[in-house]
Amino acid sequence: MPAPATSSILPVYARADLTFERGEGAWLITADGRRVLDFGAGIAVNALGHAHPHLVEALTGQAAKLWHLSNLYQNPDGERLAKRLADATFADVVFFTNSGAEALEASIKMARKYHSANGEPDRFRIVTFEGAFHGRTLATIAAGGQKKYIDGFGPKVDGFDQVPFGDDAALKAAIGPGTGAILIEPVQGEGGIRPVPTERLRALRELCDERGLLLILDEVQSGVGRTGKLFAHEWAGIEPDIMAIAKGIGGGFPMGACLATAEAAKGMTAGTHGTTFGGNPLAMAVGNAVLDVVLEPDFLDRVARAGLLLKQRLAELKDRHPAVIADIRGEGLMMGIRTHIPNTDLVRAAQDHDLLVISAGDNVVRLLPPLIVGDAEISSALDRLDRACSDLEEEMRQPLKGAAE
Ligand SMILES: *Cc1c(COP(=O)(O)O)cnc(C)c1O
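What you are looking at is a predicted structure, and each value in this text was computed from that prediction instead of being measured. (Residues numbered from 1 in each chain as written. Predicted model: local features only at pLDDT ≥ 70, side-chain atom pairs only at ≥ 80, totals over all residues. Heavy atoms only, no water.)

Comments concerning the pairing of strand β10 (residues 214–218)
Where burial is concerned, most of β10 is hidden: 5 out of the 5 residues are buried. Burial along β10 is two-sided: L214, I216 and D218 facing one way and L215 and L217 facing the other are all buried. Inspection of the sheet shows strand β7 (residues 179–184) paired to β10 by 4 bridges, in the parallel sense. Residue pairing for β10: I182 is matched across the bridge by L215. (Buried < 20%, exposed > 50% of the residue type's maximum accessible area, 1.4 Å probe, protein only. Helix = DSSP H or I, 4+ residues; strand = E, 2+ residues; numbered from the N terminus. Pairing = 2+ DSSP bridges.)

The structure is reproduced here in structure tokens:
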């Protein structure tokens, strides 16, 4: 069905003219039966692909029992999910949210409250990095620091000091007596799949320890197996004090979480924070089901192997199409293609070959297939990208040919 000429949905998204009726694994299917290969996975949300039987069973089974319970009562499935997340990570405690931005809000509030509980309420400032994306609430747009998201929405929330990505001197200069934390994505997602080198992450951890700062990681996009480890920071062998997650943990059901050490969370006592829907039984059932699969002994190794295959095939693609592709970067199944042409041209050309990929900052095209993607599907995606690149090269030749004639 084509997009309606007039829509009653607030037009804050420029939507592609694509309508899907259902999904199966890495595939999306239109009403007229066209099969489209999904290498965006809802922007890293559908970690286990579409309609994964274990997730469908968990959600529908829970739907017949209980949808919503206030956080005024006990939450056994939430207890179980929190314990499993804590056991699998650095964390001692977990706060459940409905989105990534809310997980970041909880993380930011927690860091401020920590210093306040230590008798230093003025240490509320947080250092963030250029190109970051932390969500669309008033605090998280201030944290992300991107002008296009901040402009027109009134005074920017105070307390965020942004430094250029990878500039040590600027980072040290930005840390003052009012600084309480550093917030960073181990791999920038919206910023264009920019991984923070492992030695830099280690240096950030050391800097935080030296200066009594909390290290907050935003793993909303890079977490839950995306890079081939459960969380991307594991590649650097470091641990944060606070971490925001979302996207993949719900496998398509809206949920997020703020994970923290008991020390970092010590200011968050009864009544200091809350949510109506966070931790609801539907989300907890699905979150536990996602972990059932992702924590299977072989699962992350398979993601890492699929990631290597994808990286190899992308390197070959770059060699074949040097006029289109400038650079390949990323980790696991979180890969970016930086293009010489406008990135949205490659997104559109791929779409013409029934492949969904997603644009990002720094003129990058993101590949974020579901973690269950098979080798044959990776090959198929690369064939489609190959044809898309050839189409674009053909388009590039056209104007020259026209000028010569
Ligand atoms: C998507 C994203 C967010 C925001 O998540 P929402 O669920 O859209 O609020 C925050 N941080 C990162 C790194 C993200 O990729």
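Section: the sheet that holds strand β2 (residues 27–30)
Spatial ordering of the open sheet is given by β1-β2-β3-β15, a layout of 4 strands whose pairing is mixed. In this open sheet, the two strands that pair with only one neighbour each are β1 (20–24) and β15 (355–356). Bridge count between strand β3 (residues 35–38) and β15: 2 bridges; the pairing is parallel. Looking at β15, one finds that L37 is bridged to L355.

Some points on the environment of G178
Residue position: G178 is located in the loop between α7 (168–174) and β7. Counting along the chain gives 70 residues from G178 to G248, while the straight-line C-alpha distance between them is 34 Å. G178 has contacts with D122, R123, F124 and R125, leaving out every residue within four places of it along the chain. (Contact = heavy atoms within 4.5 Å.)

Topic: the packing of aromatic side chains
By the definition in use, this model includes 1 aromatic pair. Pairing F133 with Y149 gives two aromatic rings, centres 5.8 Å apart and planes at 75°, and the pair type is edge-to-face. Of this pair, F133 sits in the loop between β5 (125–129) and α5 (138–144) while Y149 sits in helix α6 (residues 147–150); the two residues are 16 residues apart in sequence, bridging distant segments of the chain. Relative accessible area serves as the criterion here: at 17%, Y149 is assigned to the buried category. Here the guanidinium or amino end of R35 rests over the ring plane of W27, the centre of that ring lying 5.1 Å away. In this structure, K229 packs its charged tip against the face of W235, placed 4.8 Å from the ring centre. (Phe/Tyr/Trp six-rings, centres within 6.5 Å; stacked < 30°, edge-to-face > 60°. Lys NZ or Arg CZ within 6 Å of the ring centre and 35° of its normal.)

Side note on the nonpolar core
One finds F39, I182, L314 and L385 to be the most contacted residues of the largest nonpolar core, which totals 80 residues. No other element matches the 8 residues that helix α9 (residues 281–294) contributes to this core. Excluding residues that lie within four positions of it along the chain, I182 makes contacts with I126, V127, F129, L171, I175, L204, L207, C208, L213, L214, L215 and I216. Core analysis: the second largest hydrophobic core is formed by 23 residues, I108, A143, I216 and A244 among them. (Core = buried A, V, L, I, M, F, W, Y, C linked by side-chain atoms within 4.5 Å.)

Section: the pairing of β7
On a regular strand, one side chain projects to one face of the sheet and the next to the other, so that they alternate. A large share of β7 lies buried, amounting to 6 of its 6 residues. Alignment of β5 against β7, held across 3 bridges, turns out to be parallel. Along β7, the bridge assignment pairs V127 with I182.

Side note on the site of the ligand
Close to the ligand lie S99, G100, A101, F133, H134, G135, E185, D218, V220, Q221 and K247. One nitrogen or oxygen atom from the main chain of A101 is found 2.8 Å from an oxygen atom belonging to the ligand. F133 places a main-chain nitrogen or oxygen 3.2 Å from a nitrogen atom of the ligand. Summarising the interface, the protein chains cover 81% of the accessible area of the ligand, which totals 380 Å² for the free molecule. Residue composition of the shell around the ligand, by class: 3 nonpolar, 5 polar and 3 charged. (Near = heavy atom within 4 Å. Polar contact = N/O pair within 3.5 Å; in protein donor to acceptor, adjacent residues only side chain to side chain. Areas by Shrake-Rupley, 256 points an atom, 1.4 Å probe, with all protein chains shown as cover. Nonpolar A, V, L, I, M, F, W, Y, C, P; charged D, E, K, R; others polar.)

Here we look at the domain arrangement of the chain
When the domains of the chain are assigned, the result is domain 1 (53–294) and domain 2 (299–336 + 350–405). Taking only C-alpha atoms, the centre of domain 1 and the centre of domain 2 are 30 Å apart. Taken together, the 21 residues of domain 1 in the interface contact 21 residues of domain 2. Carbon and sulfur atoms make up 65% of the surface buried where domain 1 meets domain 2, a total of about 1,600 Å² over both sides. (Domains from an automatic or database assignment. Buried area = accessible area lost by both parts, 1.4 Å probe.)

Focus on helix α11 (residues 343–352)
Along α11, the residues classified as buried are N343, L346, V347, A349 and A350. Along the axis of α11, the buried positions cluster into a sector of 165°, meaning they face one direction only. (Arc of directions from axis to C-beta.)

Things to note about the sheet that holds strand β17 (residues 364–367)
Pairing is antiparallel across the open sheet formed by 4 strands, whose spatial order is β13-β14-β17-β16. Because the sheet does not close on itself, it has two edges, and the strands there are β13 (325–331) and β16 (358–360). Between one strand axis and the next, the sheet turns by 30° as a mean value, whatever way the strands run. Where β13 lies against strand β14 (residues 334–339), 6 bridges are found, and the strand directions are antiparallel. Bridged to R329 within β14 is G336. Sheet strands in contact with helix α10 (residues 299–320) are β13, β14 and β17, and its direction is about 170° off that of β13. (Axes fitted to C-alpha atoms, helices over the stretch in contact; angles between N-to-C directions.)

Some remarks on the pattern of salt bridges
Within the structure shown, the criterion is met by 21 salt bridges. Residue D87 pairs with K83 through a salt bridge whose shortest N-O separation is 2.8 Å. Here D87 pairs with K83, and both are found in helix α3 (residues 76–88), just 4 residues apart, close to one helical turn. Relative accessible area serves as the criterion here: at 55%, D87 is assigned to the exposed category. D209 is the partner of R205 in a salt bridge, and the nearest nitrogen-oxygen pair spans 2.8 Å. Residue R205 and its partner D209 are located together in helix α8 (residues 198–211), separated by 4 residues, close to a single helical turn. Each of R22, E24 and R35 takes part in salt bridges that share partners, so that together they form one network. (Salt bridge = Lys/Arg side-chain N within 4 Å of Asp/Glu carboxyl O.)

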